[in-house]
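Here is how the chains run, residue by residue.
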Amino acid sequence: MLEIKNASITIGGRQLFAGLSFTVPDGQTVCLTGSSGSGKTTLLRAILGFHPLDEGHISIDGELLTPSSAEEFRKHISYIPQELTLPSEWVSDMMRLPFTLKVNRGKAFSKDLLMAEWRKLELQPALYDKKVAELSGGERQRAVLSASGLLGKSILLVDEPTSALDAHTSALVLDYLKTLAVRGCSIVAVSHDADFAQGCDKCISVSATLP
Ligand SMILES: Nc1ncnc2c1ncn2[C@@H]1O[C@H](COP(=O)(O)OP(=O)(O)OP(=O)(O)O)[C@@H](O)[C@H]1O
């Protein structure tokens, strides 16, 4: 279980949020909502240990996130940022890349298992042999999500997973996230998509403090 307790972050003299508390039990999907600039992405970065809280704490399964535990914590977290800068030229390389990282040691890549994830996300198998630049934004988003699904980490943080998708495909992505949740994953998604937010188990409003 992921727990955020009494969290506050101020950047450049502006308080983004304060006293923010919520839990994400194993198997739950939580949607972070809030106006642009309210600090949703910053909160995801805090969970990754890349941005310190000014007050409060973050814990996973009762273990506190600290500067010294952050690296160990990240081994259990998949993070899909809003803006994907993908270093691979080919989709096949992009899909294999996470499995070559030290942090994912012990996780074996399987194209067959990946294709099973792709079917759930309605990605055509032929895309696997294309260049990344040939994929649409929504195809790229879903392909990256499928690799996270295959990695099977216990926490998934995903920023705007449906921003490039039509209503049908957004619903597909929500269903997909729920299949990951059923496997025990705790999911925190940032979204401005009201239908997506409604489909999650819980919505947390990250509220900006007005000057
Ligand atoms: N490293 C940083 N240095 C300076 N300012 C930052 C930094 N990170 C975030 N900010 C500022 O903090 C505020 C919150 O940013 P954040 O990206 O968390 O918002 P958000 O709620 O995710 O917004 P959006 O919905 O537009 O994606 C913004 O004003 C942003 O400019």
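Up top is the structure these notes are about.
Residues numbered from 1 in each chain as written. Predicted model: local features only at pLDDT ≥ 70, side-chain atom pairs only at ≥ 80, totals over all residues. Heavy atoms only, no water.

1. Quick look at the overall build of the protein
Okay, step 1: From N to C terminus, the protein includes seven helices and nine strands.
Okay, step 2: Against the compact-globule benchmark of 17 Å for 211 residues, the protein has a radius of gyration of 17 Å, which places it among compact chains.
Okay, step 3: For the protein, the spread of C-alpha atoms along the principal axes amounts to about 50 × 35 × 30 Å.
Okay, step 4: In the protein, which comprises 211 residues, the proportion classed as buried is 47%.
Okay, step 5: Put simply, of all contacts in the protein between residues at least 6 apart along the chain, 70% involve residues at least 24 apart.
Okay, step 6: Within the protein, the 24 negative side-chain charges are centred at a point lying 4 Å from the centre of the 21 positive side-chain charges. (Helix = DSSP H or I, 4+ residues; strand = E, 2+ residues; numbered from the N terminus. Rg over C-alpha atoms; globule rule 2.2 N^0.38 Å. Buried < 20%, exposed > 50% of the residue type's maximum accessible area, 1.4 Å probe, protein only. Contact = heavy atoms within 4.5 Å. Lys, Arg positive; Asp, Glu negative; His and termini not counted. Charge placed at Lys NZ, Arg CZ, Asp CG, Glu CD.)

2. Some details on the environment of Ser 205
Okay, step 1: With respect to the helices and strands, the residue Ser 205 is situated in strand 9 (residues 202–205).
Okay, step 2: Between the C-alpha atoms of Ser 205 and Leu 32, which are 173 residues apart in sequence, the distance is 5.9 Å.
Okay, step 3: Residues contacting Ser 205, with those up to four places away along its chain left out, are Leu 20 and Thr 33.
Okay, step 4: Within the structure, Ser 205 has its side chain in polar contact with the side chain of Ser 207 (distance 3.3 Å). (Polar contact = N/O pair within 3.5 Å; in protein donor to acceptor, adjacent residues only side chain to side chain.)

3. Considerations on the packing of aromatic side chains
Okay, step 1: Summed over the entire model, instances satisfying the criterion amount to two aromatic pairs.
Okay, step 2: Ring plane angle 70 degrees and centroid distance 5.4 Å describe the contact between Phe 99 and Phe 109, whose orientation is recorded as edge-to-face. Of this pair, Phe 99 sits in helix 3 (residues 91–100) while Phe 109 sits in the loop between helix 3 and helix 4 (111–120), and the two are ten residues apart along the sequence. Of the two residues examined, Phe 99 and Phe 109, each falls in the buried class.
Okay, step 3: For the ring pair Trp 118 and Tyr 128, a centre distance of 6.1 Å and an interplane angle of 65 degrees mean the geometry is edge-to-face. One end of the pair, Trp 118, is in helix 4; the other, Tyr 128, is in the loop between helix 4 and helix 5 (137–151), with ten residues separating them in the sequence.
Okay, step 4: For Tyr 128, a relative accessible area of 4% corresponds to the buried category. (Phe/Tyr/Trp six-rings, centres within 6.5 Å; stacked < 30°, edge-to-face > 60°.)

4. Regarding the site of the ligand
Okay, step 1: Residues in close proximity to the ligand total 13 residues, the closest being Ser 36, Lys 40, Thr 41, Thr 42 and His 192.
Okay, step 2: Ser 38 places a main-chain nitrogen or oxygen 3.2 Å from an oxygen atom of the ligand.
Okay, step 3: A distance of 2.5 Å is found between an oxygen atom of the ligand and a side-chain nitrogen or oxygen belonging to Thr 42.
Okay, step 4: Protein chains bury 57% of the 640 Å² of accessible surface belonging to the ligand in isolation.
Okay, step 5: Secondary-structure elements contributing two or more residues to the shell around the ligand are strand 2 (14–24) and helix 1 (40–47).
Okay, step 6: Here the residues of the shell around the ligand are counted per class, giving two nonpolar, nine polar and two charged. (Near = heavy atom within 4 Å. Areas by Shrake-Rupley, 256 points an atom, 1.4 Å probe, with all protein chains shown as cover. Nonpolar A, V, L, I, M, F, W, Y, C, P; charged D, E, K, R; others polar.)

5. Quick notes on the sheet that holds strand 5 (residues 63–64)
Okay, step 1: An order of 2-1-4-5 is seen for the four strands of this open sheet, with the pairing classed as antiparallel. Edge positions in the sheet fall to strand 2 and strand 5, since each of these pairs with one other strand and no more.
Okay, step 2: Here strand 1 (residues 2–11) runs beside strand 4 (residues 55–60); their pairing, made up of five bridges, is antiparallel. By the bridge assignment, Ser 8 is partnered in strand 4 with Glu 55. (Pairing = 2+ DSSP bridges.)

6. Some thoughts on the nonpolar core
One broad rule of soluble globular proteins: the nonpolar side chains tend to lie buried together.
Okay, step 1: Counting residues in hydrophobic clusters, the biggest one holds 37 residues, and the most contacted among them are Met 95, Leu 114, Trp 118, Leu 145, Leu 156 and Leu 177.
Okay, step 2: Going through the elements one at a time, helix 3, helix 4, helix 5, strand 7 (155–159), helix 6 (167–182), strand 8 (186–190) and helix 7 (194–199) are the ones with two or more residues in this core.
Okay, step 3: Excluding residues within four positions of it along the chain, Leu 114 makes contact with Met 95, Phe 109, Tyr 128, Ser 146, Ala 147 and Leu 150.
Okay, step 4: By size, the runner-up hydrophobic cluster in this structure holds 29 residues, among which are Ile 4, Val 24, Leu 44 and Ala 70. (Core = buried A, V, L, I, M, F, W, Y, C linked by side-chain atoms within 4.5 Å.)

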